[in-house]
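These are the residues of each chain, in order.
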Amino acid sequence: GGIAKGYASDRLADIFREHEIPRALVSLGGNVLAWGSKADGSAWRVGIQDPNAPSDPDAYVGILQLTDAFAVTSGSYERYFEENGQIYHHIMNPRTGRPTDSGLVSVTIVADDGFLADGLSTALFVMGLDDAISFWRASNDFEAVLIDSDGTIYVTEGLADRITCELYQVISR
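These remarks concern the structure in this document. Since this is a predicted model, take the numbers as computed values, not measurements.

With that settled, the discussion passes to the overall build of the protein. Along the backbone of the protein there are three helices and twelve strands. The burial tally for the protein puts 45% of its 173 residues in the buried class. By sequence separation, contacts in the protein at least 24 residues apart represent 50% of the contacts at least 6 residues apart.

Shown next as structure tokens:
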């Protein structure tokens, strides 16, 4: 299931393209397709959930302004359980077979490809902040919003003018 929604969102884009659908905003639970722009020509507004308030659907750390893009978020704050004071979330480290403890609590990827964005949101989450930033710097096909366990928000430079957020650090190439 780690990339199934990304694949599904790509197929939806194919259908919209084939049937000349001019605009749509589709949410597949953490995977959003912002197809075209709104009827008034403005960009779609896509919220990034506040990892510290997962039970509040209106709590966002930022709002992305997107047109013709996929936005996919992986986070440790929605699917988890607690046992004996230890929290276990659903994103596994393939090296250990245990929930990832990378220091990140949320990773949002914005790209032109839903399958890519879905895979990268999980992969960068597992990598951790420093390796995720290095990976982004070596790439040119996606942008990212990374939130660490201290609540610090990092935004890649390609999204800096497309996010409404109170306080964040811009990551440059």
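Next comes the rest of the account.
Time to look at the sheet that holds strand β4 (residues 60-66). Ordered in space as β3-β4-β11, the three strands form an open sheet in which the pairing is antiparallel. The open sheet is flanked by β3 (44-49) and β11 (163-164), the only strands paired with a single partner. Where β3 meets β4, six bridges bridge the pair, whose relative direction is antiparallel. Bridging across to β4, Gly-47 finds its partner in Ile-63.

Our next topic: unusual backbone geometry. The phi angle at Glu-20 is positive, at roughly 55°, despite the residue not being glycine. Mapped onto the secondary structure, Glu-20 falls in the loop between α1 (4-18) and β1 (24-27). Look at Glu-20 and you get exposed, because its relative accessible area is 70%. Non-glycine residue Asp-68 carries a positive phi angle of around 50°. Relative to the helices and strands, Asp-68 is located in the loop between β4 and β5 (69-75). When its relative accessible area of 44% is taken as the criterion, Asp-68 is described as partly exposed.

For the rest of this paragraph, the subject is a negative patch on the surface. The grouping of Asp-68, Asp-112, Asp-113 and Asp-141 at the surface amounts to a negative patch. On the secondary structure map, Asp-141 appears in the loop between α3 (129-137) and β9 (143-148).

Note that Ser-9 resides in helix α1. Judged by relative accessible area, Ser-9 falls into the buried class, the value being 3%. Here the side chain of Ser-9 touches Gly-6 through a polar contact of 2.8 Å, landing on its backbone oxygen. Those residues in contact with Ser-9 that sit more than four places away from it in its chain are Leu-28, Leu-33, Phe-70 and Gly-114.

Moving on, we come to the side chain of Ser-139. Turning to its location among the elements, Ser-139 is positioned in the loop between α3 and β9. A distance of 2.9 Å separates the side chain of Ser-139 from the backbone oxygen of Phe-135, its partner in a polar contact.

Glancing now at the packing of aromatic side chains. Across all of its chains, the model carries two aromatic pairs by this definition. Plain terms: the ring middles of Phe-16 and Trp-35 are 5.9 Å apart, the flat faces sit at 55° to each other, and that makes the pair tilted. Here the residue Phe-16 occupies a position in helix α1, and Trp-35 occupies one in strand β2 (residues 31-35), the gap between them amounting to 19 residues. Residue class for Phe-16 comes out buried when judged on its relative accessible area of 13%.

On inspection of all chains with the given rule, the structure shows two salt bridges. One salt bridge connects Asp-14 with Arg-11, and the closest N-O pair in it is separated by 2.5 Å. Separated by three residues within a single helix, Asp-14 and Arg-11 lie in helix α1, roughly one turn from each other. For Asp-14, a relative accessible area of 31% gives the class partly exposed. Residue classification places Arg-11 among the partly exposed residues on the basis of a relative accessible area of 34%. Of the charged contacts in the structure, one is a salt bridge between Arg-17 and Asp-14, with a shortest N-O distance of 3.0 Å. Of this pair, Arg-17 and Asp-14 both sit in helix α1, three residues apart, which is roughly one turn of that helix. The class of Arg-17 is partly exposed, set by a relative accessible area of 49%. Through salt bridges with shared partners, a single network forms among Arg-11, Asp-14 and Arg-17.

Cut-off values and rules
Residues numbered from 1 in each chain as written. Predicted model: local features only at pLDDT ≥ 70, side-chain atom pairs only at ≥ 80, totals over all residues. Heavy atoms only, no water. Helix = DSSP H or I, 4+ residues; strand = E, 2+ residues; numbered from the N terminus. Buried < 20%, exposed > 50% of the residue type's maximum accessible area, 1.4 Å probe, protein only. Contact = heavy atoms within 4.5 Å. Pairing = 2+ DSSP bridges. Patch = residues over 30% accessible without salt bridge, like charges linked within 9 Å, V, L, I, M, F, W, Y side chains within 5 Å. Areas by Shrake-Rupley, 256 points an atom, 1.4 Å probe, with all protein chains shown as cover. Salt bridge = Lys/Arg side-chain N within 4 Å of Asp/Glu carboxyl O. Lys, Arg positive; Asp, Glu negative; His and termini not counted. Charge placed at Lys NZ, Arg CZ, Asp CG, Glu CD. Polar contact = N/O pair within 3.5 Å; in protein donor to acceptor, adjacent residues only side chain to side chain. Phe/Tyr/Trp six-rings, centres within 6.5 Å; stacked < 30°, edge-to-face > 60°.

Keep in mind these values describe shape, not function.
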